[in-house]
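What the coordinates show
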Amino acid sequence: MCVACGGLDLISSLLAADWIKWKKVVRMGIQCIWRVFEEEISIPRNDLCYELAERGVIGYLTGLLCILKDENGEDADTLLLRASTLILVFAHAAEGTSVRAALTAPKVLEDLKTTILVGDEFYDNEIILNILKCIKLLAMDTQALKPLQNAGFVTALARSLDHYVTFDSKEHQNQILNALFQLCKLNRARQEEAAIAGIVPHLQKFIAENSPLKQFALPIICDIAHANNRCREILWQNSGVQFFISLLYQEYWQVKALEALAVWLSEEREQVEPLLLSSSNLRCLIELFDSDHNNYFPNILDPFIQL
């Protein structure tokens, strides 16, 4: 009924009001959108997202995230949570639609980046988690990767990871690393940006602790070795050669580790070769040929020959 009567235009205009002058009006706008998604069952949710995105609602919501962070009280917290939840609803409907275009608009992305960088200093953890989930969903859409990169999300996510590793927030770590995995996959420029932003020690930590996030950390760090000399310099500062040697004890990752070592050796032989020829590392390489205990033996031959 609300949609049929042109109610979406009115709701959008409520959100567009100046928060400082018209707090009750803006608050009512958020409540109305919340009710529309809860009660408007005759129209698919994706269609509602499209109609509201066309009316600029996403930009109003992300703008409120930045405005409301300076407000105090339970009412502001409730509005922030609802705004972040609504943004996440839009993100679920974004792939391949104009909703994605609205979510990847420069101002919207800047607001989202500000939110995750400010973090729990101003926002409840659930609000930050909603925004991180939104970024992860966007990163899964190949058409959104370039806007995310241009907006500085690789560095922003890596810096946020610093914080959430320190405070051991597993769910936040999961969303951040999943998004970085999507961003860094097959793109050397973004791999370099992540390495410069300090992601390498965190990746090594997840792998060493056998964290569930290892499935994302290992491909990223192996790809970083292929990126360029700057990335390999950062890996060197974090004992990267020895780290890749340690991966040779894990059958599933032997090929990736050997490929990383091979490209590193080809680029910086004088630096890498002495480490590979140490007695313990040489023994590890020789043990790879114990084919009775190595199910991946045929796969390691090509990268081994490159050494």
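Our subject is the structure that appears above.
Read on for a plain summary of the structure. In this text the structure is predicted, and so the values were computed from the model without any measurement. (Residues numbered from 1 in each chain as written. Predicted model: local features only at pLDDT ≥ 70, side-chain atom pairs only at ≥ 80, totals over all residues. Heavy atoms only, no water.)

Some details on the overall build of the protein chain
Each helix and strand in the protein chain was counted, giving 20 helices and 0 strands. Looking at the protein chain as a whole, 51% of its 307 residues qualify as buried. In the protein chain, the share of contacts with a sequence separation of at least 24, taken over all contacts with a separation of at least 6, comes to 67%. Across the protein chain, the 27 positively charged side chains and the 39 negatively charged ones have centroids separated by 4 Å. (Helix = DSSP H or I, 4+ residues; strand = E, 2+ residues; numbered from the N terminus. Buried < 20%, exposed > 50% of the residue type's maximum accessible area, 1.4 Å probe, protein only. Contact = heavy atoms within 4.5 Å. Lys, Arg positive; Asp, Glu negative; His and termini not counted. Charge placed at Lys NZ, Arg CZ, Asp CG, Glu CD.)

Here's the deal with a negative patch on the surface
On the surface, Glu74, Asp77, Asp124 and Glu126 cluster together to form a negatively charged patch. Considering the arrangement of structural elements, one finds glutamate 126 in helix H8 (residues 125-139). Taking the relative accessible area as the measure of exposure, glutamate 126 reaches 44% and is therefore partly exposed. (Patch = residues over 30% accessible without salt bridge, like charges linked within 9 Å, V, L, I, M, F, W, Y side chains within 5 Å. Areas by Shrake-Rupley, 256 points an atom, 1.4 Å probe, with all protein chains shown as cover. Salt bridge = Lys/Arg side-chain N within 4 Å of Asp/Glu carboxyl O.)

Describing the environment of isoleucine 199
Looking at the element boundaries, isoleucine 199 is found in the loop between helix H12 (188-196) and helix H13 (200-208). Sequence separation between isoleucine 199 and leucine 64 is 135 residues, and the spatial gap between their C-alpha atoms is 30 Å. Excluding anything up to four places from it in sequence, isoleucine 199 contacts Leu161, Leu177, Leu180, Ala194 and Ile224.

Details of the pattern of salt bridges
Counting across every chain of the model gives 14 salt bridges. With a closest N to O distance of 3.7 Å, lysine 113 and glutamate 110 form a salt bridge. With lysine 113 and glutamate 110 both in helix H7 (residues 106-118) and 3 residues apart, this pair spans about one turn of that helix. On the basis of relative accessibility, which here comes to 16%, the residue lysine 113 falls in the buried class. For glutamate 110, a relative accessible area of 36% puts it in the partly exposed group. Linking glutamate 209 and lysine 205 is a salt bridge whose minimum nitrogen-to-oxygen distance equals 3.1 Å.

Notes on the side chain of arginine 232
Position of arginine 232 among the secondary structure elements: in helix H15 (residues 229-237). Residue class for arginine 232 comes out buried when judged on its relative accessible area of 4%.

Here's the deal with helix H16 (residues 240-247)
Most of H16 sits out of view: 6 of its 8 residues are buried. Within H16, burial applies to Gly240, Val241, Phe243, Phe244, Ile245 and Leu247. Elements that come into contact with the buried residues of H16 comprise H13, helix H14 (214-227), H15, helix H17 (254-267), helix H18 (269-276) and helix H19 (279-287).

Looking at the packing of aromatic side chains
For the structure shown, the criterion picks out 6 aromatic pairs. For the ring pair phenylalanine 37 and phenylalanine 90, a centre distance of 6.0 Å and an interplane angle of 90 degrees mean the geometry is edge-to-face. Linking phenylalanine 37 in helix H2 (residues 23-39) with phenylalanine 90 in helix H5 (residues 74-92), this pair joins segments that are 53 residues apart in sequence. The burial state of phenylalanine 37 is the same as that of phenylalanine 90; both residues are buried. Each ring, one from tryptophan 236 and one from tryptophan 264, has its centre 6.4 Å from the other, and the planes form 75 degrees; the classification is edge-to-face. With tryptophan 236 in helix H15 and tryptophan 264 in helix H17, the pair connects residues that are 28 residues apart, well separated along the chain. (Phe/Tyr/Trp six-rings, centres within 6.5 Å; stacked < 30°, edge-to-face > 60°.)

Quick notes on unusual backbone geometry
At asparagine 210, a position not held by glycine, the phi torsion is positive, near 55 degrees. Considering the arrangement of structural elements, one finds asparagine 210 in the loop between H13 and H14. At serine 239, a position not held by glycine, the phi torsion is positive, near 55 degrees. Following the sequence through the fold, serine 239 ends up in the loop between H15 and H16. The exposure class of serine 239 is partly exposed, given its relative accessible area of 49%.

Quick word on the nonpolar core
By size, the foremost hydrophobic cluster in this structure holds 104 residues, and its most contacted members are Phe90, Leu103, Leu112, Leu177 and Phe244. With residues near it in sequence (within four places) discarded, leucine 103 still touches Ile58, Ile87, Phe90, Ala91, Ala94, Val108, Leu109, Cys134 and Leu138. (Core = buried A, V, L, I, M, F, W, Y, C linked by side-chain atoms within 4.5 Å.)

Focus on the packing of H14 against H15
Running from N to C, H14 and H15 point in directions that differ by 125 degrees, and their axes come no closer than 6 Å. Our classification of the angle between H14 and H15 gives oblique. Facing H14, whose interface residues are Ile221, Ile224, Ala225, His226 and Ala227, H15 presents Cys231, Arg232 and Leu235. Residue composition of the contact of H14 with H15, by class: 6 nonpolar, 1 polar and 1 charged. (Axes fitted to C-alpha atoms, helices over the stretch in contact; angles between N-to-C directions. Parallel < 35°, antiparallel > 145°, perpendicular 65-115°, else oblique. Nonpolar A, V, L, I, M, F, W, Y, C, P; charged D, E, K, R; others polar.)

Thoughts on the state of the cysteines
Inspection of the entire model under this criterion finds 0 disulfides. Unpaired in this structure, cysteine 222 has its nearest cysteine sulfur neighbour in cysteine 184, at a distance of 13 Å. Judged by relative accessible area, cysteine 222 falls into the buried class, the value being 1%. (Disulfide = S-S within 2.5 Å.)

The quantities given are spatial measurements derived from coordinates; they are silent on function.
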